[in-house]
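# Residue-level structural notes
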Amino acid sequence: MLTAIVLIKTSADRIPEVAEQISEIPGISEVYSVTGDWDLIAMVRVHRHEDLADVIADRLSKVDGVVGTNTNIAFRTYSKHDLDAAFSLGID
């Protein structure tokens with residue numbers, strides 16, 4: 001599985017609509033509205049490197065209201081949260 005984190009700038013008046021459209025693209029697992037220099041962050045998870053181009057360049061970047069993107073491809077995942085969920089017995 002390949003993971004990419006895409007930082008997205010949008011038209012200020014279209015953030016919710018853009019986020020909704022991006023979230024419907026196959027390969028996008030999550031979209032977050034955020035503070036700071038970027039408006040949205042999308043998590044892309046695909047099986048093949050070629051699929052990144054399809055999801056990001058051919059679809060996400062062409063959503064009406066997307067002004068710019070910055071893509072970061074993940075090498076490895078380090079997450080205590082994932083390990084906790086995998087070994088959880090459901091007892092609080």
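This report concerns the structure included in the present document. Throughout this description, residue numbers start from 1 for each chain and increase along the sequence as written. In view of the model being predicted, local features appear only for residues whose pLDDT reaches at least 70, and side-chain atom pairs are presented and counted only at 80 or more, with totals across whole chains, interfaces and linings using the full set of residues. Only heavy atoms go into the side-chain values, all of them from the structure, while hydrogens and water stay out.

Within the open sheet, the 4 strands sit side by side as β2-β3-β1-β4. Their pairing is antiparallel. Sheet topology places β2 (28-33) and β4 (66-73) at the edges, where each strand pairs with a single neighbour. With direction set aside, neighbouring strand axes in the sheet form an average angle of 20 degrees. At least two DSSP bridges between two strands are required for those strands to pair. Secondary structure elements follow DSSP: runs of H or I of four or more residues count as helices, runs of E of two or more count as strands, with numbering from the N terminus. As paired strands, strand β1 (residues 2-10) and β4 are joined by 7 bridges and run antiparallel to one another. Looking at β4, one finds that Lys9 is bridged to Gly68. With respect to the sheet, helix α2 (residues 49-59) is in contact with β1, β2, β3 (40-46) and β4, its orientation differing from that of β3 by roughly 145 degrees. All axes are obtained by fitting lines to C-alpha atoms, using only the stretch in contact for helices, and the reported angles, taken between N-to-C directions, cover 0 to 180 degrees. Only heavy atoms matter for contacts: two residues are in contact if any of them lie within 4.5 Å across the pair.

Before going further, it helps to examine the packing of aromatic side chains. Working definition: rings of Phe, Tyr and Trp (its six-membered ring) pair if their centres are within 6.5 Å, and the pair is stacked with planes under 30 degrees apart, edge-to-face with planes over 60 apart, and tilted otherwise. Summed over the entire model, instances satisfying the criterion amount to 0 aromatic pairs. One Lys or Arg, Lys9, reaches over the ring of Trp38 and ends 5.0 Å from the middle of that ring. Two thresholds decide whether a charge sits over a ring: the Lys NZ or Arg CZ must be within 6 Å of the ring centre and within 35 degrees of the ring normal.

Looking at helix α1 (residues 15-23), one finds that the buried residues are Val18, Ala19 and Ile22. The buried residues of α1 all sit within an arc of 100 degrees when viewed along its axis, so they share a single face. The elements touched by buried residues of α1 are β1, β2, β3 and β4. Note on classification: 1.4 Å probe, protein chains only; a residue is buried when its accessible area is under 20% of the maximum for its type, exposed when over 50%, partly exposed between these limits. Directions drawn from the helix axis to the C-beta atoms are what define this arc.

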